[in-house]
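As a plain string of letters, each chain reads:
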Amino acid sequence: MKSIKICIGSACHLKGSYEVIEALKKLIKENNLEQEIELCASFCIGNCKEAVSVMRWDGVVFSVDKENAKDIFEREFKI
């Protein structure tokens, strides 16, 4: 199973990490990827200026918000 880490540290929390988590959960379910991708909450990923920081299983970090979550998911996270 591949994991996606979503930062819930202070900066990311203030910039909407909860909304990003909910958006990614919905996209995983809509694409029937529950058995292939897991979401994990994480404290500081080290990319606070670009919050909300989301790290793909291979270590690549993306700046995600509820508006671009679907685009990034389809381009970068869909297996």
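This text gives an overview of the structure that appears in the document. (Residues numbered from 1 in each chain as written. Predicted model: local features only at pLDDT ≥ 70, side-chain atom pairs only at ≥ 80, totals over all residues. Heavy atoms only, no water.)

A few points about the overall build of the chain
Thinking step 1. When its secondary structure is counted, the chain shows 3 helices and 4 strands.
Thinking step 2. Across the chain, helices and strands are ordered from the amino to the carboxyl terminus as β-α-α-β-β-β-α.
Thinking step 3. Relative to its length of 79 residues, the chain is compact, with a C-alpha radius of gyration of 11 Å against a globular reference of 12 Å.
Thinking step 4. Summarising its shape, the C-alpha atoms of the chain cover approximately 30 × 25 × 20 Å along the three principal directions. (Helix = DSSP H or I, 4+ residues; strand = E, 2+ residues; numbered from the N terminus. Rg over C-alpha atoms; globule rule 2.2 N^0.38 Å.)

A closer look at the pairing of strand β1 (residues 2-7)
Thinking step 1. In the sheet, β1 pairs with strand β2 (residues 37-42) via 6 bridges, with the strands oriented parallel. Bridging across to β2, Ser3 finds its partner in Glu38.
Thinking step 2. Summarising the sheet, β1 and strand β3 (residues 53-55) pair through 2 bridges and their orientation is antiparallel. For Ile6, the partnering residue across the bridge sits in β3 and is Val54. (Pairing = 2+ DSSP bridges.)

Some points on the pattern of salt bridges
Thinking step 1. Per the counting criterion, the structure on display carries 6 salt bridges.
Thinking step 2. One salt bridge connects Arg75 with Asp71, and the closest N-O pair in it is separated by 3.0 Å. Taken as a pair, Arg75 and Asp71 lie in helix α3 (residues 69-77) at a separation of 4 residues, close to a single helical turn.
Thinking step 3. By relative accessible area, which is 45% here, Asp71 ends up partly exposed. (Salt bridge = Lys/Arg side-chain N within 4 Å of Asp/Glu carboxyl O. Buried < 20%, exposed > 50% of the residue type's maximum accessible area, 1.4 Å probe, protein only.)

Side note on the packing of helix α2 (residues 17-30) against α3
Thinking step 1. Remark: α2 packs on α3, axes separated minimally by 10 Å, with the N-to-C direction vectors making an angle of 50 degrees. Judged by the inter-axis angle, α2 sits oblique to α3. Both α2 and α3 take part in a crossing whose hand is right-handed. Residues Ala23, Leu24, Leu27 and Ile28 of α2 form the contact with α3, whose participating residues are Ala69, Lys70, Phe73 and Phe77.
Thinking step 2. Class assignment for the residues of the contact of α2 with α3 results in 7 nonpolar, no polar and 1 charged. (Axes fitted to C-alpha atoms, helices over the stretch in contact; angles between N-to-C directions. Parallel < 35°, antiparallel > 145°, perpendicular 65-115°, else oblique. Left-handed = near helix turned anticlockwise from the far one by under 90°. Contact = heavy atoms within 4.5 Å. Nonpolar A, V, L, I, M, F, W, Y, C, P; charged D, E, K, R; others polar.)

Considering α3
Thinking step 1. Within α3, the full set of buried residues consists of Ala69, Ile72, Phe73 and Phe77. An end-on view of α3 places all buried positions within 105 degrees of arc, on one side of the element.
Thinking step 2. Contacts made by the buried residues of α3 are with β1, α2, β2, β3 and β4 (61-63). (Arc of directions from axis to C-beta.)

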